[in-house]
Every structure is written in structure tokens, then in C-alpha cells.
Amino acid sequence: MSRLDDLEAQSIFILREAFARLRRIGLLWSLGKDSNVMIWIARKAFFGRVPFPVLHVDTGKKFPEMYAFRERYAVEWNLDLKVEPCPPVEAVDPTLPPAARSAARKTEGLKLALAKYGFDGLIAGIRRDEEPTRAKERVFSLRGIEGRWDVRDQAPEFWDHFNAAPPSGAHMRIHPILHWTEIDIWRYTRREGLPIIPLYLARNGKRYRSLGDTDITFPHASDAASIDDIIAELEATTIPERAGRAMDHEAEDAFERLRVTGYL
Amino acid sequence: MNMLPNDKILPGHQTPNRPLLRVVIVGHVDHGKSTLIGRLLHETGSLPEGKLQTINAVSDRRGVAFEWSFLLDALQTERDQGITLDTSQIRLRTASCDVVLIDAPGHAEFVRNMVTGAAQADAALLVIDAAEGVREQTRRHVHLLHILGISQLAVVVNKMDRVGYAQSRFVEIKAAVAGELSELGFSAVTIVPAAARHGDGVAQRTPALAWHSGPTVLEMLESFTPAKPLAELPLRIPVQAVYRFDDRRIVAGRIESGRLAVGDEIVVLPRGATARVRSIEQWPALAGSPLAAASRAGQSIGLTLDDQIFVERGDMIASPQQSATAARLLRARVFWLHEQALCVGSNVGVRVGTAECSGKVTLIENAIDPGELAPSKAQAIARNHIGEIEIALTHPIAADVHVQNPRTGRLVLDFAGRISGGGPILARDGDPAGARGRAQEGTPLAAQAGRLNALLDALPAPERLARFCREVAGRLVFTTSFGLEDQAILHMLHEQDIDIDVVTLDTGRLFPETYQLWSETEERYGRRIRAIYPEHGKLESLVAAHGINGFYASRAARTACCHVRKVEPLNRALAGAAAWIVGLRADQSGHRGATALTAVDARGLLKFSPLFDWTREAVQSYVAAHRIPLNPLHGSGFASIGCAPCTRAIAPGEPERAGRWWWEQDGKKECGLHNAGGGKAVAEPAQP
Ligand SMILES: Nc1nc2c(ncn2[C@@H]2O[C@H](COP(=O)(O)OP(=O)(O)OP(=O)(O)O)[C@@H](O)[C@H]2O)c(=O)[nH]1
Ligand code: SF4
Ligand SMILES: [Mg+2]
């Protein structure tokens, strides 16, 4: 088996465990490269159809290309899509730095969606290599009441046995691609022939490596005009993936605070 | 501090088919695990741009010097307190492979996180502070690695700067560590010096450690090998679900071991119904894809069966020829991580593969606190302790024993809604002698040997020995010829106050050094070693017939001499004994390769080789660490020492037993002690 086959087999195993062990789950679709890969793997795991709702928690500030992608592939992939709005920025913790505060709208949107559907599990496409607090995640990670992550008290998780009994009012975050890296995602996207949002490809010497809200996400200088070019660029670069995400860099603890209160 | 990245190695990205290795870094709190990882990342040029500046600022803000550990310790509490709370993973690329470095916390409070990280590893690096030496969590972590089944281990003696880079201190720690590790079955472990914070010995040979000629930490990483999927073991697929999204009934699961092809017959456990594989399903359907016809260990698959037999989540699909057992009682060695101790009578959740049920603990034995080395008499396994349990299950579930299948031969325990422990399965009620783990009347010896092997295999040698002596009723005889292994075993017996018959065969032709060692050994351990002599009449006839050194003349004369001087006396020593304990190792010569832990000797007794899986290096480090008296001849090239006229020194690189009866061609250089009567599965070999 190749490296990509191994990664995929493990992700399928995790998705099937989530579907079997939890009562009601949803998959968080950020429309980006990672959650697209995750949806594709879910279709493989369940033989063509994603058997649970796919949620887009919409800040309303995504790029037009992202919305176009969502409308097209929700239909083509036969997804049970739920678009959930986020509250205005005024409803968010005012002590957070500006970009983080803007990002935290998504956390609030998530909480509303959780309450609305009664999910006890949410599947999210985060990876360890994106950010050091994500590197400390479990595959099945408990979020308490209010969606809080108690990082000091994570339960043991080993030998692919997962904790999946959240107390009522709490939920699990399931991370099926936690073990993938950015370049794995692109190699897999290429191998499987998956569609991508064109913003990832260079236009006028710039491209996006990570897509978020328009006002807090920035492109970097690049000439990568194809997936092959992206892979070549990643093989050589030493610039971190989330360099273009403002909320990661405002303060040392900004991202941790976001995540502890329920951000992805 | 050298801040220049090593430009020979590219950034932390991997190419698709380089080996991917997972290595956990373990050790006592503050011994420098996270620092070592940070430094490894730096020296291999794996750090993203701007990272060092960020860490510099973060260190400044806390008024500390540049802290490499902050690369991993990303949480605010971790940085404020200077300790790792939870495990994390980060990629590193070396010249030959891609590595996932798993950082583990060393603080006693976070052992559960260490286990979470370590359970994913193929290999481990144990970090020990040169100034502090082996500490409580050092021991605990090594025990946990052992029970988690991680057999590749190397040691980094870190913070060499704190001991002035002194080679003498390194040698001292190395001996102590090697001794402790060998007791746990980690033999021939590579031990290297380093100062992680300054980069000495990490990826480069620096002047400060010029005396060290062994590998760097990075080179040690590259010497590990990734675990392979268990394609060669019998088929096991724990069923995750049965999907009926359309008119197909697709059984979904991951192949934990073995292979599967369309048309194969399978059995579904625990109920035991059989069927044939009709199809291997996949989406999107790719014509001619190899997966569609056959799959193997490691793949997540879906299959349909030709017969509508009942299958549900928690079942196990197995090969009918080599099936697993539906068990209602399991015996396991477990680590326990929950605050509330595991006690006899505790109700816990038991998981094996995807099967789950409740279980009640019916017995606890051999509970220890692995940080203290002290056995606890308690009938409970406290948090972060290890022990053996028997657990009665509410439903039968399919399970293997760990020695037969490491993936389906382990269980996980949950308690109060949280995973809280786990470990290898030693026995099941379906097994020949029952999971009670006691010798039973009338049990045939072979079955008893099999049961003992399952029970003892995973244990460190001293515990194996102690357990064996407790499990086996009747007279136990240990024969020693004062070789390295024999001396190690005698030491283990002495340390644990195990009182059994210790015997040596005095052929009358031993080296003066051996007699000297014999008397020294009696003094050191304060006991007599019983000597058995040849029968004088037979000896007199032998010498009359062949001459005093007649054994050089022919193989027949030699075996006759061995028979009179050793085999017959041994038979007398073993007459009526229940078991014979010996210092055999499997790797001693090609012929001894069949050595098992417990075997059946043709004399009708159990033969027990507690060191069967040790290497010579492991024994050497064990005896050195415990300052056990040794035959000085080992120092002059004698490996295996028997009778003086029949033993010579060997050249470096020669097989160990090349120095015995060297004038005879290689083949069966055995004196007949270890193959008397040639019992089956025991075809084995020699001693004095
Ligand atoms: N003098 C000296 N100090 C070191 C060396 N390596 C690490 N340290 C220091 O030892 C302290 C502990 O290092 P860490 O890397 O955090 O130790 P750790 O083993 O990861 O600790 P936990 O994860 O909390 O168990 C830090 O202050 C390091 O800077 C070394 O080689 N020499
Ligand atoms: S080893 Fe040599 S001296 Fe000793 S019993 Fe055998 S043949 Fe005789
Ligand atoms: Mg640490």
C-alpha cells in the first residue's frame, strides 16, 4: 500500500467509527481543500453517499468562488447540505484581538447549529501539521457544554479505540484527517482528480494556501498554476501554511483561546 | 548555539513512498524530551520560516533563555510552567526516511497522555538527564513501552553539559540503564550521549563529545524500522458496521491481519457461522482495480457474502482454518490510568477489536508500581500501575492471545465513559488449560508449556522466572555451568528469594578459573551449589578404554566421555523433577534457534529458558550492571565455557559455540544434555 492508501484507510476507519458510535453526527464543510478531501473519503467509506448532514457554518464573508463551489458540488455530490448562519461580530467575546474576534463568529454559529440539530458528534477536517495546538488533538475530542475544549484533561486514546460517549449537552469533535499533512492533501487531490476552488491557483502572481473569510485571509506570492505546481512549491517552501490567516498571528495565545472556546 | 539549519536536508515534507516511521520520545519530567525534538527539527532544517524568532520572543516574554521545548509546548500553561501537558506530533525528514516525532509528557500527572502518544509509535527514544540518571518516570515509561508492545528502543543520555561532558559519567549511566533495560527484555539497546539544548550529539558530532564514536540521535532514528501490516497472520476483520444503503448488504471493516480474496471461505465470530466472500465492494467502482479481487492487512474494505448469515458490528471475520476464540473470560496484563483503582469486583467496559461488552474483574495478581520497581501486595491496580487481571465478560467476544496476534490479542478497558486501561491478552477460557492461569491436574505437558508461554512471554525475565516457579508445582532444578546466562539467572533467583535446587555438573575437567568462580559465586550469594559427579565405576572404565584425553580421537569417544561425565549425572540430577531451568538463548548457534521459553523435555519434564530471547549483549550488560561475578576467561575470547580440554577461545566474528569441540565439523555440536531422547518441538541443545 502506498502512503496515500494508508492515510485513506485510516480516515475511512475513523469515519465509520464515528458513524457507528455516535447518535447524530454532521460533517463540517469549510469548502476548502481539506474538507473536500474528507467528503470524498466519506463517500468512499459509505460507498458513494455521505449518510449524514454536511454543514456549512457560513460567516457570509467567504469568497464568491467558494459559494459557487458549494452550490455546484452540494448537488453533484448528492450532499444533505445545511447552511447555518453566524451571529454578528458584536455577539462575540470583545476581549479577543480583531481578526480572532471575527473568526470566533464561526464558533458562535457552530453552537447555534449544535443546539438546532442536537448533534453529539461533528466531523472536522483539521490536521496536526497546521498549527501546534491542533497537533495536541485527539482523533475523538470531547467538547463540553458551551463547546469548550478542556485541553488539560483529554482522555486516553490508543490502538484506534475512541472515546465516544459525550455527556448530554456535550459533543465529540471527530478528526478523520488529523494525521495528514498539507502536501498529502494535494497529492491525494491530484491522484483522485478532485475539483478545487480556483483561488488555490496563482493569479497575477498570488495564490491562497488556506481559505477563510475574505477580510482576514491573504494570498502569498506564487506562480503555482496547477496542482503539480502546488506540490512542487510545497516541497521547497519553508513558509507555514497558515501564514496568511491573520487570526493566528495577533497574539501568542490568540489561536489557543479560539480553540478552547470551541473553534476548530 | 548553532542557529544555521543543515542545508543538506530539505524541509519537512515527504515524498509519497519513503518509509514513514513513528517515534515517541519518552522519559522523566524535564529530562529534555521536547527540547530534543525542537533541536532535531532545527538541525534537519524542518522548521518553518520565522519560527525561531517567534520562539525567541515567547521565551523573552517569560524572561527565560531561548527554550527549544516551546516549539512543541504550544499551550500557554505548558509554556508558563515549563512542562509538557499533552502529547503532540510533528514531522521531520531525514536523508533516508520521514519521521513522525511524538512528544510525550514526563510528568506523573500526565501518564495517560504519554500512553496516548506512545501507543502510536513504532519505536521509542528514552531521554535520561545525565545529572539525574534513571528516575521514577524513566522506569514507568519503559514498563509502559514494554506492555504497549514497542520493542525498538534507544537511549539518549541528555544534558551532558551539566556533567562537563564527562565520558566517565556517561559510562556509569550507560551501565545502569543497560542493566535495568535488559531486565525488561530490551536487549542490546544503543545508548548515546547528547546535550539537546546545545545541539551536541543530536545531528552532528561536536567537539564537546569527541570521545563518543557511536551514532548521533538522528542516526539512531534512522536505524529504526516502521511496523509492517500483519499480512502474513491469519485473517482478522473486526466488523465496524453492516450497511444497507441499497440492495447490497455490505459488511465494513478494516483488515487487521491476513488477506482476503473473492471466493474465500470465512467464519463470523463469536457465533461461528461460515460463508464465502461474494464481492469486495468499492466506490467509485474501478474496473480491474486490484482491491476488487483481493485485499490485505491495513485496508478498510467492504464485502458481501454469498449467504445471508447474520453479521453485526462487534463480530470478527476470521479464517475458518485458523480462527480466533469466542471467549467469556480473559486474562490480560494491563496498565490502568483512571484515578479510581481497578479492583476485584470492578465493572468495566471491555473492548477487543470492535467488540464491546461489560466485564467484571474476578482476579488481580502481580500488581506493581512500575515507577518504584516494588511489587505491591494489593488486590488492586492503582492509577499508572500495571498488573494482571482476569475478567468475566457478559457476552462472548472473539479474541486472540497477544503472542499469536498483536492487534486482535489486546484489550482496552473503559470506565465511567472514558478509556482507562488496556494491555495484551494472555489467555482465554477457550484455551487448553483455561484462563485461570494455574497448572491443572493431568494437563499434558505440552499444553502446560503452551499455557505458560502465553502467560510468561510478555514478562521481563526476572518476573518470568518468579512466575514460573510459582506456577509449576514440584521440584524445580536449575543447572548452572557458571556461564554468563547462568550467572544472570542465579542472580535473579537470589534477588527474588526463589529457593530451588541449584546444581552443577562437575566433570572433573573444568578450568581452574571455573572452580574459582564457583567458590566466589557461593560466597557472593551465600549458598551452596550442589555438585553432581560422574559415577566412579563408569568413569574408570571410560578412561581405561579411551585414555585420559581419548575424546580427541573420534566423535564416538567424545560423546562417550560426555555421556559419562555429563549426561548420566544430569539425568540423575533431574530424576523426579517437575521442571528444569536453563540459560539457553535462541541465538547461540543455528541449531539452538528452536529454543522456546517453555518446552517439553523428553525426560518428561518442562524445560524453561527464561533468557531464550535475550542476546549475548543483553546478558553482558545485565551482568555488568549488577556486578555479577564472571569467569575471567570471557575476557580472553572464551564465549561458551565447558571442559578445559574441549573449549578454546574464539576469534571475533566466529559463532559463539565455535570454541566447543572445535576439531569436529560444525553440525550438531552438542553434548547430549539438551537433546536427550529428542522430544518433539524441543530438538535442542547444550550446556557445559
Ligand atoms: N543544560 C541543559 N539543559 C537542557 C538540555 N536539554 C534540555 N534542557 C533544559 O531542561 C528543561 C526541560 O526541558 P524539556 O525539553 O521541557 O523537558 P521535557 O523532558 O520535555 O519535560 P516534560 O515534557 O515536562 O516531561 C528546559 O529548561 C530545557 O532547556 C541540555 O542538553 N542541557
Ligand atoms: S566436554 Fe570433553 S572432557 Fe568434558 S565430558 Fe565432554 S568430551 Fe569429556
Ligand atoms: Mg516536554
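Just so you know, these numbers come straight off a predicted model, no measurement behind them.

Asks: Tell me what's going on with the overall build of chain B, and back it up with residues and numbers.
Replies: Of regular secondary structure, chain B possesses 14 helices and 29 strands. Within chain B, the proportion of its 688 residues that are buried is 59%. For chain B, the share of sequence-separated contacts (at least 6 apart) that also reach a separation of at least 24 residues comes to 72%. Put simply, chain B shows about 25,900 Å² of open surface, and 52% of that area lies on carbon and sulfur atoms.

Asks: Can you tell me about the sheet that holds strand β27 (residues 579–581) of chain B, naming the residues and giving the values?
Replies: Residues and elements named next belong to chain B. Spatial strand order, β26-β25-β24-β27-β29-β28: 6 strands in an open sheet with mixed pairing. Looking at strand neighbours, the two that pair on one side only are β26 (530–532) and β28 (598–601), the edges of this open sheet. With strand direction ignored, the average angle separating the axes of adjacent strands in the sheet is 30 degrees. As defined by bridge partners, strand β24 (residues 476–479) adjoins β27 across 3 bridges and the pair is classed as parallel.

Asks: Can you tell me about the site of ligand 2, naming the residues and giving the values?
Replies: For ligand 2, the full set of nearby residues is F551, R558, C561, C562, R565, K566, C643, C646 and W661 of chain B. Here the residues of the shell around ligand 2 are counted per class, giving 6 nonpolar, no polar and 3 charged.

Asks: Could you give me a rundown of the pattern of salt bridges, with the residues and numbers involved?
Replies: A side chain with one charge may pair with a side chain of the opposite charge, provided their charged atoms come close. All names here are of chain A. Tallied over the full model, the rule gives 78 salt bridges over all chains. Between E65 and R203 there is a salt bridge; the shortest N-O distance is 3.5 Å. With E65 in helix α3 (residues 64–76) and R203 in the loop between α5 (182–192) and β7 (206–207), this residue pair connects regions lying 138 residues apart in the sequence. Overall, E65 belongs to the partly exposed group, its relative accessible area being 23%.

Asks: Summarise the pairing of strand β1 (residues 25–28) of chain A; cite the residues concerned and give the values.
Replies: All names here are of chain A. Residue alternation in β1 divides its side chains into two sets, I25 and L27 and G26 and L28, and both sets are buried. Direction of pairing for β1 relative to strand β4 (residues 121–123): parallel, over a ladder of 3 bridges. Among the inter-strand pairings, I25 is bridged to a residue of β4, identified as G121. One crossover worth recording links β1 to the parallel strand β2 (residues 54–58) by way of helix α2 (residues 33–45), and it is right-handed.

Asks: Pulling in residues and values, what's your account of the pairing of β2 of chain A?
Replies: All names here are of chain A. Of all 5 residues that make up β2, 5 are buried, and the element is covered over most of its length. Residues V54, H56 and D58 of β2 are buried on one face, and the alternating residues L55 and V57, pointing to the opposite face, are buried as well. Where β1 lies against β2, 2 bridges are found, and the strand directions are parallel. From the neighbouring strand, L28 faces β2, where its bridge partner is L55. When β2 meets strand β3 (residues 81–85), the two strands line up parallel, connected through 5 bridges. The partner of L55 across the bridge, within β3, is K82. Running through α3, the crossover from β2 to the neighbouring parallel element β3 is right-handed.

Asks: Which residues make up the site of ligand 1, and what values do they have?
Replies: Residues and elements named next belong to chain B. Around ligand 1 sit 22 residues in total, of which K33, T35, E67, T84 and D161 are the nearest. Between ligand 1 and G106, the relevant distance is 2.8 Å, taken from an oxygen atom to a main-chain nitrogen or oxygen of the residue. Across the complex, the protein chains shield 92% of the 650 Å² of accessible surface that ligand 1 would expose by itself. Here the residues of the shell around ligand 1 sort into 5 nonpolar, 10 polar and 7 charged.

Asks: Give me the lowdown on the coordination of the magnesium ion (ligand 3), citing residues and values where you can.
Replies: Metal coordination angles in their ideal form are 109.5 degrees for the four-donor tetrahedron and 90 or 180 degrees for the six-donor octahedron. Around the magnesium ion (ligand 3), the protein contributes the donor atoms S34 of chain B (OG) and T84 of chain B (OG1), at 2.0 Å from the metal centre. On the criterion of sequence distance, the pair formed by S34 of chain B in helix α1 (residues 33–43) and T84 of chain B in the loop between α3 (76–81) and β2 (88–93) is long-range, its members being 50 residues apart.

Asks: Lay out the sheet that holds β2 of chain A in plain terms, naming residues and giving numbers.
Replies: Residues and elements named next belong to chain A. The strand order across the open sheet formed by 6 strands is β3-β2-β1-β4-β6-β5, and the pairing between neighbours is mixed. Two strands lie at the open edges of the sheet, namely β3 and β5 (140–143), each paired on one side alone. In this sheet, adjacent strand axes meet at a mean angle of 30 degrees when their direction is disregarded. This element, helix α1 (residues 3–21), spans β1, β4, β5 and β6 (171–174) of the sheet and lies at about 40 degrees to β5. Contacts from helix α4 (residues 98–117) reach β1, β2, β3, β4 and β6, with the element oriented near 125 degrees to β3.

Asks: Report on the side chain of S295 of chain B, specifying residues and quantitative values.
Replies: All names here are of chain B. By the secondary structure assignment, S295 is in strand β12 (residues 294–296). For S295, a relative accessible area of 3% gives the class buried. Ignoring any residue separated from it by four or fewer positions in sequence, one finds S295 in contact with I255, R259, L260, I280 and I301.

Asks: Describe the environment of C357 of chain B, and please don't skip the residues or the numbers.
Replies: Residue and element names in this part refer to chain B. Its location among the elements puts C357 in strand β18 (residues 355–369). Using a relative accessible area of 10% as the deciding quantity, one classes C357 as buried. Separated by 172 residues in the primary sequence, C357 and I529 place their C-alpha atoms 52 Å from one another. If we skip the residues at most four places from it in the chain, C357 touches V348, G349, V350, L393, T394, H395 and I397.

Asks: Now, about the packing of helix α10 (residues 484–495) of chain B against helix α14 (residues 616–625) of chain B: what can you tell me, with residues and values included?
Replies: All names here are of chain B. One can describe the packing of α10 onto α14 by two numbers: an axis separation of 10 Å at closest approach and a directional angle of 50 degrees. Between α10 and α14, the crossing angle belongs to the class labelled oblique. The two elements α10 and α14 cross, and the hand of that crossing is left-handed. Contacts between α10 and α14 pair L484, E485, A488, H491 and M492 from the former with R616, V619, Q620, Y622 and V623 from the latter. Its residues placed into classes, the contact of α10 with α14 shows 6 nonpolar, 2 polar and 2 charged.

Asks: Outline the environment of G537 of chain B, supporting the account with residue identities and numerical values.
Replies: Residues and elements named next belong to chain B. For G537, the location among the structural elements is in helix α12 (residues 536–546). The partly exposed category is assigned to G537, whose relative accessible area is 35%. Put simply, G537 and F415 are 122 residues apart on the chain and 69 Å apart in space, counted from C-alpha to C-alpha.

Asks: An account of the interface of chain A and chain B is requested, with residue identities and associated values reported.
Replies: Interfaces are often sized by the accessible area lost when the parts come together. Between chain A and chain B, the contact holds 56 residues from the first and 76 residues from the second. Here chain A and chain B share an interface that buries about 5,700 Å² over both sides, 54% of which is from carbon and sulfur atoms. When the buried surface of chain A facing chain B is broken down by residue, R3, F47 and W159 of chain A rank first, second and third, together holding 17% of it. Where chain A touches chain B, the interface holds 12 salt bridges. E252 of chain A is the salt-bridge partner of R62 of chain B, the closest N and O atoms lying 3.0 Å from each other. Within the residue set of the side of chain A that touches chain B, elements represented by two or more residues are α1, α2, α5 and α6 (227–236) of chain A.

Asks: Outline the domain arrangement of chain B, supporting the account with residue identities and numerical values.
Replies: Residue and element names in this part refer to chain B. According to the domain assignment, chain B consists of domain 1 (11–223), domain 2 (236–318), domain 3 (326–437) and domain 4 (453–682). Across the contact, 8 residues belong to domain 3 and 9 residues belong to domain 4. E388 serves as the salt-bridge partner of R467, at 2.7 Å between the closest nitrogen and oxygen. Every element with two or more residues in the side of domain 3 that touches domain 4 is listed here: β15 (325–336) and β18. The residue inventory of the side of domain 3 that touches domain 4, partitioned by class, reads 2 nonpolar, 2 polar and 4 charged.

Asks: Lay out the nonpolar core with the relevant residues and their values.
Replies: Ranked by size, the top nonpolar core spans 74 residues in total, and within it W29 and F140 of chain A carry the most contacts. Ranked by size, the runner-up nonpolar core spans 47 residues in total, among them A121, L153, V412 and I419 of chain B.

Asks: So what's going on with the environment of I174 of chain A? Which residues, and what values?
Replies: Residue and element names in this part refer to chain A. Within the fold, I174 resides in strand β6. Owing to a relative accessible area of 0%, I174 belongs among the buried residues under this scheme. Among all residues touching I174, those that are not within four sequence positions of it are I14, A18, L22, G121, L122, I123, A124, V139 and F140.

Each value, and the rule that gives it
- Residues numbered from 1 in each chain as written.
- Chains lettered and ligands numbered in written order.
- Predicted model: local features only at pLDDT ≥ 70, side-chain atom pairs only at ≥ 80, totals over all residues.
- Heavy atoms only, no water.
- Helix = DSSP H or I, 4+ residues; strand = E, 2+ residues; numbered from the N terminus.
- Buried < 20%, exposed > 50% of the residue type's maximum accessible area, 1.4 Å probe, protein only.
- Contact = heavy atoms within 4.5 Å.
- Areas by Shrake-Rupley, 256 points an atom, 1.4 Å probe, with all protein chains shown as cover.
- Pairing = 2+ DSSP bridges.
- Axes fitted to C-alpha atoms, helices over the stretch in contact; angles between N-to-C directions.
- Near = heavy atom within 4 Å.
- Nonpolar A, V, L, I, M, F, W, Y, C, P; charged D, E, K, R; others polar.
- Salt bridge = Lys/Arg side-chain N within 4 Å of Asp/Glu carboxyl O.
- Right-handed = clockwise from strand over helix to strand, strands pointing away.
- Polar contact = N/O pair within 3.5 Å; in protein donor to acceptor, adjacent residues only side chain to side chain.
- Donors = N, O, S within 2.8 Å, 3.2 Å for Na, K, Ca; no water.
- Parallel < 35°, antiparallel > 145°, perpendicular 65-115°, else oblique.
- Left-handed = near helix turned anticlockwise from the far one by under 90°.
- Buried area = accessible area lost by both parts, 1.4 Å probe.
- Domains from an automatic or database assignment.
- Core = buried A, V, L, I, M, F, W, Y, C linked by side-chain atoms within 4.5 Å.

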